[in-house]
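Residue-level structure breakdown
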Amino acid sequence: MLSLQDIDCRDLPDFDQHERVIACRDPDTGLDALIALHDTTRGPALGGVRMHAYSDRGAAVTDVLRLAQGMSYKAALADLPLGGGKAVIIGAPAAPPAGAKSSTLLHAFGRAVHALNGAYLAGQDSGITVNDLVEIGTSTPHTVGTAARQAADGRSVSGDPSPSTARGVLVAIQSALDHRQGSSSLAGVRVAIQGLGAVGAKLAEALLDAGAVLTVADVRAAHLAPFQERTNVTIVDGATIHRSDVDVFAPCALGGVLNAKTIRQIKARVVAGAANNQLATAADADRLLQRGILYAPDYVANAGGLIQLYHVRAGKDGTAINASVDGIAATLRRIFIESDAESVSTARVADAHARTLLKQQHRSHSRVA
C-alpha cells in the first residue's frame with residue numbers, strides 16, 4: 001500500500017527552507033521515492049523525475065534537495081511562473097529484482113504525485129524516459145513533456161524537452177565564448193562533452209554542425225557508438241575528460257564533477273554544460289573564478305527544457321519556444337558582466353539574483369494574502 005510521509009530535513013546542510021520533502025513508499029511495487037518541493041510561491045513546482053541507484057539514502061536526500069532548489073532558481077531566472085521541485089526514485093532502472101523499473105512501480109509513483117494535488121508537476125530526468133512518464137501519467141494528470149508539440153519548422157515532434165535543453169547549452173557556450181574572446185563562433189572551437197545521453201548527444205551534433213572539434217566520453221558504449229567514426233570527434237575516458245586540452249568543458253552527465261581536485265586539472269577556459277549540480281560545493285565556484293575559468297551556472301545554461309515544458313503547456317509553438325530559449329544568452333551576459341565588475345563568481349551572482357526574485361515574489365504573495 002502506498003504511503004506518503006513528510007520528512008524533516010532542517011538539520012541537513014543542503015536544506016534551503018524547502019516547503020516539503022516527502023518519502024513515498026509502496027512495498028507491493030518496490031517503490032522508494034522522494035519528492036522535494038522547494039518553493040511554490042511563483043507557481044506549481046515543475047521538475048524532473050530521476051531514477052538512480054544511490055549509494056545510500058542520504059545521497060538520495062542530498063540530491064533531491066539540491067535539485068529542487070536548482071529548479072526554483074532556474075524558473076526564477078528564466079522568468080517563468082513556476083516553482084521548483086524534484087523527485088528521485090531510489091533504485092536501478094535496469095537491475096532487477098529490487099528497485100527495478102516496472103509499470104506497476106511507475107503507476108505507484110504516479111499515485112504519489114497525484115496525492116500532492118498539482119503542487120508538483122513531474123517531468124523527465126535521467127533514468128526516466130518519455131514512455132515512463134506516460135506510464136506515470138496513467139495515475140495522474142500532473143505530468144509534463146509527454147504530449148507532442150509543433151517544432152519551429154512545423155513538424156510534430158515528441159514532448160521530450162532534451163532538444164531545447166541542448167539548444168540552451170549551445171547558446172550558453174556561445175555566450176561564454178563571446179564574453180571570453182569577443183566571438184561566439186564555434187568554428188574550430190575544441191569542446192569536451194562528458195556524457196552523451198539525450199542532451200549530450202544532441203549538443204554534440206549541434207556543435208559539429210557549427211564546426212566545433214569534439215572530445216567525448218560516456219560510460220555507455222551504446223551512446224558512444226554513433227560517434228565512433230565521426231570526423232572531428234575523439235573518444236576518451238570519462239574519468240579524465242575534464243583534463244582534455246580544449247577551449248570548453250561541457251559536463252552533461254551527473255553532478256559534482258567540478259570539485260577541488262578536478263578544477264585544478266581543467267585546461268578549458270569555459271565550463272558550460274547540461275548537468276545539474278555541477279559544483280560539488282559552493283566554494284568550487286570561487287575556485288573556478290580564481291583559475292580564470294568562466295563558468296555558466298548550470299541551472300541557467302540548462303534551462304531550455306524547463307522553458308519548453310512551460311511554453312508547451314501555454315500553447316506556444318516551436319518558434320516562440322526557441323526565441324525564449326535563446327534568451328539564455330542575455331541572462332548569462334548580465335551574470336558575466338556583474339561577476340567581472342564585482343570580482344565574485346558567476347554562481348554567486350546567479351544565486352543572489354534568484355534569491356532576490358523569490359523574495360520579491362514572497363512579499364507580493366504576502367500582500368495579496
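A word on the overall build of the chain. Helix and strand counts for the chain stand at 13 helices and 14 strands. Relative to the 2.2 N^0.38 estimate, which gives 21 Å for 369 residues, the radius of gyration of the chain is 20 Å and therefore close to what a compact globule would have. Of the contacts made within the chain by residues no fewer than 6 positions apart, 64% connect residues no fewer than 24 positions apart. As presented, the chain carries roughly 15,500 Å² of accessible surface, and 50% of it is formed by carbon and sulfur atoms. Averaging the coordinates of the 35 positive side-chain charges in the chain and doing the same for the 35 negative ones gives two points 3 Å apart.

Right, let's get into helix α2 (residues 103-114). Between its terminal C-alpha atoms α2 stretches 16 Å, which fits the 16 Å expected from twelve residues at 1.5 Å a residue. Those residues of α2 that sit buried are Leu-105, Leu-106, Ala-108, Phe-109, Gly-110, Ala-112 and Val-113.

Time to look at the sheet that holds strand β1 (residues 3-6). The strand order across the open sheet formed by six strands is β1-β2-β3-β5-β4-β6, and the pairing between neighbours is mixed. The open sheet has two free edges, formed respectively by β1 and β6 (120-124), since each of these has just one partner strand. Within the sheet, the average angular offset between the axes of one strand and its neighbour, ignoring direction, is 25°. Pairing of strand β3 (residues 31-39) with strand β5 (residues 83-90), which is carried by six bridges, proceeds in the antiparallel orientation.

Definitions and cut-offs
- Residues numbered from 1 in each chain as written.
- Predicted model: local features only at pLDDT ≥ 70, side-chain atom pairs only at ≥ 80, totals over all residues.
- Heavy atoms only, no water.
- Helix = DSSP H or I, 4+ residues; strand = E, 2+ residues; numbered from the N terminus.
- Rg over C-alpha atoms; globule rule 2.2 N^0.38 Å.
- Contact = heavy atoms within 4.5 Å.
- Areas by Shrake-Rupley, 256 points an atom, 1.4 Å probe, with all protein chains shown as cover.
- Lys, Arg positive; Asp, Glu negative; His and termini not counted.
- Charge placed at Lys NZ, Arg CZ, Asp CG, Glu CD.
- Expected span 1.5 Å × (residues − 1).
- Buried < 20%, exposed > 50% of the residue type's maximum accessible area, 1.4 Å probe, protein only.
- Pairing = 2+ DSSP bridges.
- Axes fitted to C-alpha atoms, helices over the stretch in contact; angles between N-to-C directions.

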